[in-house]
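If you want the building blocks of each chain, they are given just below.
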4 protein chains.
Amino acid sequence: MKLVIVGGGSSYTPEIIEGIITRHHSLPINNIVLVDIEEGQEKLEIVGSLAKRMIKKANVPIELSWTLNRREALQGADFVSTQIRVGGLDARAKDERIPLSHGFIGQETNGAGGIFKAFRTIPVLMKLAEEIHEICPEAWLINFTNPAGIVTEALLNHSPHKKVIGVCNIPFNMRHSIAEIMDVKPEDVQIEFIGLNHFVFGRKVWINGVDRIDEVLEKLSSKEMDYAPANIVNLGWSETFIKSFRLLPNPYHQYYFQTKQVLEKDIAAFKENGTRAEVVQALEGTLFKTYENPDLADKPAELEKRGGAYYSDVACSLMDSLYNNRQNIITVNTLNNGTISDLPDDAVIEANCLINKDGPLPISIGSLPSSIKGYVSNMKAFEQQVIKASLSGDYHDAYLSFMMNPLIQDEQVAETMLNELLEAHKDHLPQFFK
Amino acid sequence: MKLVIVGGGSSYTPEIIEGIITRHHSLPINNIVLVDIEEGQEKLEIVGSLAKRMIKKANVPIELSWTLNRREALQGADFVSTQIRVGGLDARAKDERIPLSHGFIGQETNGAGGIFKAFRTIPVLMKLAEEIHEICPEAWLINFTNPAGIVTEALLNHSPHKKVIGVCNIPFNMRHSIAEIMDVKPEDVQIEFIGLNHFVFGRKVWINGVDRIDEVLEKLSSKEMDYAPANIVNLGWSETFIKSFRLLPNPYHQYYFQTKQVLEKDIAAFKENGTRAEVVQALEGTLFKTYENPDLADKPAELEKRGGAYYSDVACSLMDSLYNNRQNIITVNTLNNGTISDLPDDAVIEANCLINKDGPLPISIGSLPSSIKGYVSNMKAFEQQVIKASLSGDYHDAYLSFMMNPLIQDEQVAETMLNELLEAHKDHLPQFFK
Amino acid sequence: MKLVIVGGGSSYTPEIIEGIITRHHSLPINNIVLVDIEEGQEKLEIVGSLAKRMIKKANVPIELSWTLNRREALQGADFVSTQIRVGGLDARAKDERIPLSHGFIGQETNGAGGIFKAFRTIPVLMKLAEEIHEICPEAWLINFTNPAGIVTEALLNHSPHKKVIGVCNIPFNMRHSIAEIMDVKPEDVQIEFIGLNHFVFGRKVWINGVDRIDEVLEKLSSKEMDYAPANIVNLGWSETFIKSFRLLPNPYHQYYFQTKQVLEKDIAAFKENGTRAEVVQALEGTLFKTYENPDLADKPAELEKRGGAYYSDVACSLMDSLYNNRQNIITVNTLNNGTISDLPDDAVIEANCLINKDGPLPISIGSLPSSIKGYVSNMKAFEQQVIKASLSGDYHDAYLSFMMNPLIQDEQVAETMLNELLEAHKDHLPQFFK
Amino acid sequence: MKLVIVGGGSSYTPEIIEGIITRHHSLPINNIVLVDIEEGQEKLEIVGSLAKRMIKKANVPIELSWTLNRREALQGADFVSTQIRVGGLDARAKDERIPLSHGFIGQETNGAGGIFKAFRTIPVLMKLAEEIHEICPEAWLINFTNPAGIVTEALLNHSPHKKVIGVCNIPFNMRHSIAEIMDVKPEDVQIEFIGLNHFVFGRKVWINGVDRIDEVLEKLSSKEMDYAPANIVNLGWSETFIKSFRLLPNPYHQYYFQTKQVLEKDIAAFKENGTRAEVVQALEGTLFKTYENPDLADKPAELEKRGGAYYSDVACSLMDSLYNNRQNIITVNTLNNGTISDLPDDAVIEANCLINKDGPLPISIGSLPSSIKGYVSNMKAFEQQVIKASLSGDYHDAYLSFMMNPLIQDEQVAETMLNELLEAHKDHLPQFFK
């Protein structure tokens, strides 16, 4: 079995390598190819060498190589995972800085920044999906690349390749946090996730099959705990908020329901340390220094400080379930097809799915609670507009996606930010500058 | 035929009297009763006397009287119209001042102010609808009272009386404004209205049956004109906004899509002249002075400076169409019942309806454009939450309605404003202070 | 203004000519071209000559001509009407005889016969619609050709021409019958029609705007009257049936709800007089004899014995309303677009529409009564399968359309009848015999 | 843990006892109470004694008793299963004989017979559900009683008890039959079941996670095999049928798609052996003779000849999964809640569900194939009408349910059969004879 990691030079790669090594007995991948683009060659070699050392130390029969030739790498692939960042951390810095400078949320996957990440990423991954469809049509494409929900929907609805699954670490993290709060093992916790990637709520929390959401909310509202990942703020939620919605929010909801406070914190942080991209850039520098150490043959502990920790764990479990027809539940991004009655069939949602060899089968959700139904419909309509604009490169489509985003929705500023971001990302947006 | 005007002491009454007089030949109303509450007795007498003089001058066989006894007034009524303001202009001033003081939109029918107007009004009109159902069950209740869409939905879904129609002057004004811009007669213009009261868009503009929306949008985006009524700001719309949405916005959309600018203007105006309520209070003082003049026997021209001008014209046309089974089109607020596919059947929408004796038959709309579908769904979900809270008097229901309103949606400020407004309006919110 | 009548040699043409003459002052058509195919040339000349005499006698300034060259005829057309019969009455005889011989309903627009009429007609009218789209794209195509609902849907969804409206005389007849029963003028009656062509029900009967359905049903169930047109049986409805459904059935419902009895009657009639097609053939022979009389300059009274009487009246009213932007209600076949919540947006339904210059605007219906919702959904799914098979020429698609028809639904007989009908109509089904 | 078996005197009881004994280690039921009505006392004792001997032989620590006092039996129950037959086999004989005598399908769960079985059963089980809700509200009610889908829906929507799951052996049988045909183990087969109880189709057949429906259909259409249970005819399916629908039919579909042939067979069988009820009566006589044998301490092999074999296996697996929070897939009858987009949320469907301690979570199905969507909608509308009539006892409701059933739908015969069946079952239909 062969796994191709697109964006193989990413600092996250050691995590996925560790995941593959750990699962070797049930998931017999024996060929891993790391692929990257020319600009990433140096990192690719550092990461590749570390991965090789990890495999050697683990003494598992896995061949690993790296290459810049993607088409060649895809030959015979069974799984392809993606963890790319078009334009690198420099582009991310612009996604963060420009909106912040106008007093709006500047973030990697939300607001204007998230929209532009989608604009840059979707065309690149569309090309990849077409190649997979041509070269290794039976391969599963496991997409980690953010905004993961939007990207996955673009591929599922607009590329010829239909074996695409999107993953995110937020549901995984929430499950683990709840396990911790409730003092049980993560595997005993199931959360009924309802909604969209980075906009998902928990409606039930089953602990060994018994719904204990009330206790969980009680604990959350008493501010005993929080469960935000490393890369985003964590303000906690007021008792009134929790008691009114009676849903488990995810950390990203802070951007939408605590906008002013998050903005203040983000602007303060920005003034102190620059954008999050710049913080990460420094962090990455250190990480790659560590990776270069020829004595290192393990995933270094520092990696967990990155926001994306556990992505790979989700991805490896998913591959394992697909390969072994496990029929267990994993929370992934897949087509709605009626799972949430309030959203169109072709919307990608984040939901609990039974995973068999044939792919994810979402468990029925029905209607969303009235308190979030309209908001979620609105978010999905926004996401679909982003995809439309990503593919058309049409200025008015892009403007509409700004106006439909609840973090922007300002006739004037939308236009100003859109123009600045288009100019700033010109090199990575060929569709807008035909 | 008998018409009962609830809130008969309102300064708007002369307009409706004029409308009835003008239509006397096709709409043979010969008995009008003005009803008001004790606090309004003085105004009621002033307005009633003026109305009597108008009728006398017009020499039409209409009996007119006034009373504080509503149950008696309702005996034998064919039409009941409502134009009440629970708490008067003082309450409105609070709805405006409190949100503005937190940097949020403070307005009569939108945002936190609109929510509280609904909280105060719905229980009072529920009581009226119950009386009508008991005393004059065949009467049509024509509701002008704002927030008109929300109030109408509350009555249609929660009161026993089902003959309720909500009217607003915005569609009427838009049609007249477009006629002016396009240099045609208002009766040659039909706009396909899609959406909700105070959140309605125009999708088509038929001039003598030919859809000329493109020309209209061209003119709008070139800022040649505006069509906001007297009581709200008028900022115009950018070319990019108009060309992206390709829909006719209504003036209230400025609150949602130009929030910051409107807020700046409103705060500046507030600093100069106090709240809009206070401006109107002054205006009303002058109006009633004019009304008292025993030589006045016409609707004075000053009345048109109030925001609500032409409400009565819509209401009189509606009564005329109902009575005469005219089968013509009037834009009213009525139950969706599938007219807009994206909204629930029991949602009240603002739509073009064919009016026959049996009531309004909405013309099918189908799916909303994707650019507004999510937003409108969200607004409707919000409205339904307001109704729920108005009836339950539950604090968490009220909080949710704040969080679901796109002009608030702030975990902290929602709570603060809610608490202040509850305290300020205590006397008119028995359901919240049981 | 120019009207092109495709299938101009039809015996119905004098009726439409009369309709045009009568409406000359409001609908100034001054050019009529009758088009037909070579096999119909003789009839075309007879009918054309009669039409010329009618116009001359009426002394109206209308030019009338006839031709076999359809493309030429279409130049500059404003309206195109269709009344064709692919394969003529011979084909109809087969549609009737073959199913009857297997003990199944054999009828022109229902069951196996109706399916094959669609199979023969749809490709021919698709070609016409393409020509119209190319040659006179602004023209309205008024389709009378049966099965009118299915044919109209095929054109609206699969041809490039979107200005297509389907008409049927059944709603017109029902309205007139009800007027007679209730002893009022037809123009005072409005029926709320809900459903599909030849499967439409009446939910309300407004007489001068007051819903009097209860009285109408009372009369119907007491068997005082019937309202079936000339071409189909008339068995009446039992009191239990009427009191249970509380809907106005249309005469075609007898095929579905009184299948055995209709079948017995039809088989008896068949044994006595042959198929209805053969009866009509004889009738037509006489009619054309009458038409040839050079002294005849009026629509002969005998024409009303044909089942399709008043089709043309509906069509002429429709053209008049379109031309004059009348905004009155006419019952036509048009796209659902949410009008009936239970059916897909792209389904053609038969519904009351407000007619303006831009086309028909259906009046919202909402959900169908639960007693017919499933049945109507089933019929629509069947109709869409017929269209699919008409276009694909795929044997399994055709078989499915047989199995989905409630008058067939027999695994074995479906196959037998399908095979026989395919063989019998071979010459007119090129798509199935590629 | 305590299990109460309502209708404990049924000949099926030994099967469920065997199931409980076999699963003793994972499903620690230690108290079983068999409940029956007075008329069933003799059978109850025979079955109870046999069950005691089975438990003794198996040497498992289960206490078993029997009683006529249902309320007492329910004290402390964890599971309640139902296998009652209101009116006994005599009533079934009437359900079969009366329709057959009019040339219509006379069958236990389909057509007029099935409707009357529902009319008799629903009020009785409503009473039981109310008692459970009062006495042992945490107990799961596992309903086997036919028509299982309709009965389960009646309880879930109209009784206060919400912990109700309906089971049927058809999906179990289909899975086993397919395993046999494909020469794999039943546990390696998953069928994607879509539809309603006794009207369910298979859309996918996963064998170890790979969808092999095409091969399965190939085998089915070549008539190599059949998979009908003992109690219904088995005619096989034509290649054309299978290739057109591309779905796995269930044996009951023969009633709907091969009506004439089934009817011929059934009438022939009836003439030879009387109704199926009478055949079963004889069979039961023999069975109970066998049960009385004091040396018998096992479920006798003859039991498998009854149509309902394996019901208990499904029920025991279900209890095991609920108790152990297994999160495995079992096909049960539960509320739709959006699982099938084409059906209302409150419809009970038969679908694959993940079973956790909290109950069944259906796996999302989305839209049904267009070939069956209308038919299934129609069946569900019919079922909901049956429930309405069962509860109202209204004659017109009952008539509508006859007219909405695709096996009847005859204005005249519906009335005749309805009247005869009402008369015949008078004693068991108090709601219709108030």
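Report on the accompanying structure. All values derive from a computational prediction rather than experimental measurement. (Residues numbered from 1 in each chain as written. Chains lettered and ligands numbered in written order. Predicted model: local features only at pLDDT ≥ 70, side-chain atom pairs only at ≥ 80, totals over all residues. Heavy atoms only, no water.)

What to know about the overall build of chain A
Scanning chain A for helices and strands turns up 16 helices and twelve strands. In terms of overall size, chain A behaves like a compact globule, its C-alpha atoms giving a radius of gyration of 21 Å where 434 residues would be expected to give roughly 22 Å. With the C-alpha coordinates aligned to their principal axes, the bounding extent of chain A is approximately 55 × 55 × 45 Å. By the burial criterion, 64% of the 434 residues in chain A qualify as buried. Put simply, of all contacts in chain A between residues at least 6 apart along the chain, 70% involve residues at least 24 apart. For chain A, the accessible area works out to roughly 14900 Å², and carbon and sulfur atoms hold 48% of it. Averaging the positions of the 42 positive and the 57 negative side-chain charges in chain A gives two centres separated by 2 Å. (Helix = DSSP H or I, 4+ residues; strand = E, 2+ residues; numbered from the N terminus. Rg over C-alpha atoms; globule rule 2.2 N^0.38 Å. Buried < 20%, exposed > 50% of the residue type's maximum accessible area, 1.4 Å probe, protein only. Contact = heavy atoms within 4.5 Å. Areas by Shrake-Rupley, 256 points an atom, 1.4 Å probe, with all protein chains shown as cover. Lys, Arg positive; Asp, Glu negative; His and termini not counted. Charge placed at Lys NZ, Arg CZ, Asp CG, Glu CD.)

Remarks on the packing of aromatic side chains
As enumerated under the stated definition, the model contains 60 aromatic pairs over all chains in all. Geometrically, the ring pair formed by phenylalanine 116 of chain B and phenylalanine 402 of chain B is edge-to-face, given 6.0 Å between the ring centres and 80° between the ring planes. One end of the pair, phenylalanine 116 of chain B, is in helix H5 (residues 111-135); the other, phenylalanine 402 of chain B, is in helix H15 (residues 395-403), and 286 residues separate them in sequence. Taken individually, phenylalanine 116 of chain B and phenylalanine 402 of chain B each receive the classification buried, so the pair is uniform in this respect. Seen in terms of ring centroids, phenylalanine 241 of chain C and phenylalanine 257 of chain C are 5.7 Å apart; in terms of plane orientation they differ by 55°. Their pairing is tilted. Remark: phenylalanine 257 of chain C occurs in helix H10 (residues 253-257) and phenylalanine 241 of chain C occurs in helix H9 (residues 239-245); sequence separation between them is 16 residues. For the residue pair phenylalanine 241 of chain C and phenylalanine 257 of chain C, the accessibility class agrees, reading buried in each case. Taken together, Phe199, Phe201, Trp237, Phe241, Phe245, Tyr256, Phe257 and Tyr375 of chain A form an aromatic cluster joined through their ring pairs. Here lysine 357 of chain C stacks its cationic end above the ring of tyrosine 323 of chain C, 5.1 Å away from the centre of that ring. (Phe/Tyr/Trp six-rings, centres within 6.5 Å; stacked < 30°, edge-to-face > 60°. Lys NZ or Arg CZ within 6 Å of the ring centre and 35° of its normal.)

A short note on the relation of the copies chain B and chain A
For the pair chain B and chain A, the superposition axis carries a translation of 0.0 Å, the fit reaches an RMSD of 0.1 Å, and the rotation angle comes to 180°. Here the transformation between the copies is reduced to the relation of a two-fold axis. (Least-squares fit on C-alpha atoms with pLDDT ≥ 70 in both.)

Looking at the interface of chain A and chain D
Residue-level contacts link 27 residues of chain A with 27 residues of chain D. For the interface between chain A and chain D, the tally reads two salt bridges. With a closest N to O distance of 3.7 Å, aspartate 358 of chain D and lysine 204 of chain A form a salt bridge. Linking chain A with chain D are 14 residue pairs in polar contact (both at pLDDT 80 or more). Broken down by secondary-structure element, the contributors of at least two residues to the side of chain A that touches chain D are strand E8 (199-207), strand E9 (210-211), strand E11 (348-356) and strand E12 (359-362) of chain A. Its residues placed into classes, the side of chain A that touches chain D shows eight nonpolar, 14 polar and five charged. (Salt bridge = Lys/Arg side-chain N within 4 Å of Asp/Glu carboxyl O. Polar contact = N/O pair within 3.5 Å; in protein donor to acceptor, adjacent residues only side chain to side chain. Nonpolar A, V, L, I, M, F, W, Y, C, P; charged D, E, K, R; others polar.)

Brief notes about the side chain of asparagine 250 of chain C
You can see asparagine 250 of chain C is positioned in the loop between H9 and H10. Here the side chain of asparagine 250 of chain C touches tyrosine 252 of chain C through a polar contact of 2.6 Å, landing on its backbone nitrogen.

What about helix H8 (residues 213-221) of chain D?
All names here are of chain D. Taken together, the buried positions of H8 are occupied by Ile213, Val216, Leu217, Leu220 and Ser221. The arc enclosing the buried residues of H8, seen along the axis, measures out at 125°, which places them on a common side. Where H8 is buried, its residues contact helix H7 (170-182), strand E8 (199-207), strand E9 (210-211) and helix H9 (239-245). (Arc of directions from axis to C-beta.)

Side note on the sheet that holds strand E7 (residues 189-196) of chain A
Residues and elements named next belong to chain A. The strand order E7-E8-E9 describes an open sheet built from three strands, whose pairing is antiparallel. The open sheet terminates on both sides in strands that have one partner only, identified here as E7 and E9. Inspection of the sheet shows E8 paired to E9 by two bridges, in the antiparallel sense. Among the inter-strand pairings, isoleucine 207 is bridged to a residue of E9, identified as valine 210. The strands touched by helix H7 (residues 170-182) are E7 and E8; relative to E7, the strand with the most contacts, the crossing angle is about 140°. (Pairing = 2+ DSSP bridges. Axes fitted to C-alpha atoms, helices over the stretch in contact; angles between N-to-C directions.)

Re the packing of helix H5 (residues 111-135) of chain D against helix H6 (residues 148-158) of chain D
Two quantities define a packed helix pair, namely the angle between the axes and the distance from one axis to the other. Residue and element names in this part refer to chain D. Axis separation between H5 and H6 bottoms out at 10 Å; the angle between their running directions is 40°. One way to sum up the angle between H5 and H6 is to call them oblique. Where H5 crosses over H6, the handedness of that crossing is right-handed. Across the interface between the two elements, Ala118, Thr121, Ile122, Leu125, Met126 and Ala129 of H5 pack against Ile150, Val151, Ala154, Leu155 and His158 of H6. Across the contact of H5 with H6, the residue classes break down as nine nonpolar, two polar and no charged. (Parallel < 35°, antiparallel > 145°, perpendicular 65-115°, else oblique. Left-handed = near helix turned anticlockwise from the far one by under 90°.)

Concerning the pattern of salt bridges
By the definition in use, this model includes 96 salt bridges over all chains. Arginine 71 of chain A is the partner of glutamate 134 of chain A in a salt bridge, and the nearest nitrogen-oxygen pair spans 2.6 Å. With glutamate 134 of chain A in helix H5 (residues 111-135) and arginine 71 of chain A in helix H3 (residues 70-74), this residue pair connects regions lying 63 residues apart in the sequence. Owing to a relative accessible area of 53%, glutamate 134 of chain A belongs among the exposed residues under this scheme. One salt bridge in this structure joins glutamate 192 of chain D and arginine 203 of chain D, with 2.8 Å as the shortest N-O distance. One end of the pair, glutamate 192 of chain D, is in strand E7 (residues 189-196); the other, arginine 203 of chain D, is in strand E8, and eleven residues separate them in sequence. The network of salt bridges with common partners includes Arg85, Arg92, Glu96 and Glu108 of chain A.

Concerning the state of the cysteines
Across all of its chains, the model carries zero disulfides over all chains by this definition. In this structure cysteine 136 of chain A is a free cysteine whose sulfur lies 18 Å from that of cysteine 316 of chain A, the closest cysteine sulfur available. The structure places no disulfide on cysteine 168 of chain B, whose sulfur is separated from the nearest cysteine sulfur, that of cysteine 353 of chain B, by 14 Å. Take cysteine 168 of chain B: its relative accessible area is 2%, and that puts it in the buried class. (Disulfide = S-S within 2.5 Å.)

Brief notes about the interface of chain B and chain A
Tallying the contact residues gives 35 residues for chain B and 35 residues for chain A. Buried surface at the junction of chain B and chain A, both sides included, amounts to about 2900 Å², of which 55% is carbon and sulfur. At the junction of chain B and chain A, the tally comes to eight residue pairs in polar contact (both at pLDDT 80 or more). Elements that contribute at least two residues to the side of chain B that touches chain A include exactly helix H9 (239-245), helix H10 (253-257), helix H11 (259-273), helix H14 (370-392), H15 and helix H16 (411-424) of chain B. (Buried area = accessible area lost by both parts, 1.4 Å probe.)

Focus: the sheet that holds E9 of chain D
All names here are of chain D. Strands sit in the order E7-E8-E9 across an open sheet of three strands; the sheet is antiparallel. The open sheet is flanked by E7 and E9, the only strands paired with a single partner. The strands touched by H8 within the sheet are E8 and E9, with E8 carrying the most contacts at an inclination of about 120°.

Overview of the pairing of E12 of chain A
One ladder, built from four bridges, connects E11 of chain A with E12 of chain A; its direction is antiparallel. Pairing of isoleucine 355 of chain A across the sheet is with proline 360 of chain A, part of E12 of chain A.

Overview of the relation of the copies chain A and chain D
Taken together, a rotation about one axis and a shift along it account for how the two chain copies relate. Between the two copies, chain A and chain D, the superposition gives an RMSD of 0.0 Å; the rotation angle is 180° and the shift along the axis is 0.0 Å. Comparing interface residues between copies, 100% of those in chain A also sit at the interface in chain D, which points to an isologous, same-surface contact.

With respect to unusual backbone geometry
Look at the link from asparagine 146 of chain A to proline 147 of chain A: it is a cis peptide, with omega at -10°. Mapped onto the fold, proline 147 of chain A is located in the loop between strand E5 (140-143) and helix H6 (148-158). Notably, asparagine 337 of chain A is not glycine yet its phi reads approximately 45°, a positive angle. Mapped onto the secondary structure, asparagine 337 of chain A falls in the loop between strand E10 (328-335) and E11. Positive phi, close to 50°, is recorded for asparagine 325 of chain D, a residue that is not glycine. The exposure class of asparagine 325 of chain D is buried, given its relative accessible area of 14%.

Side note on the arrangement of the chains
Nowhere do chain A and chain C come into contact; their C-alpha atoms are at least 14 Å apart. No interface is formed between chain B and chain D, the nearest pair of C-alpha atoms being 14 Å apart.

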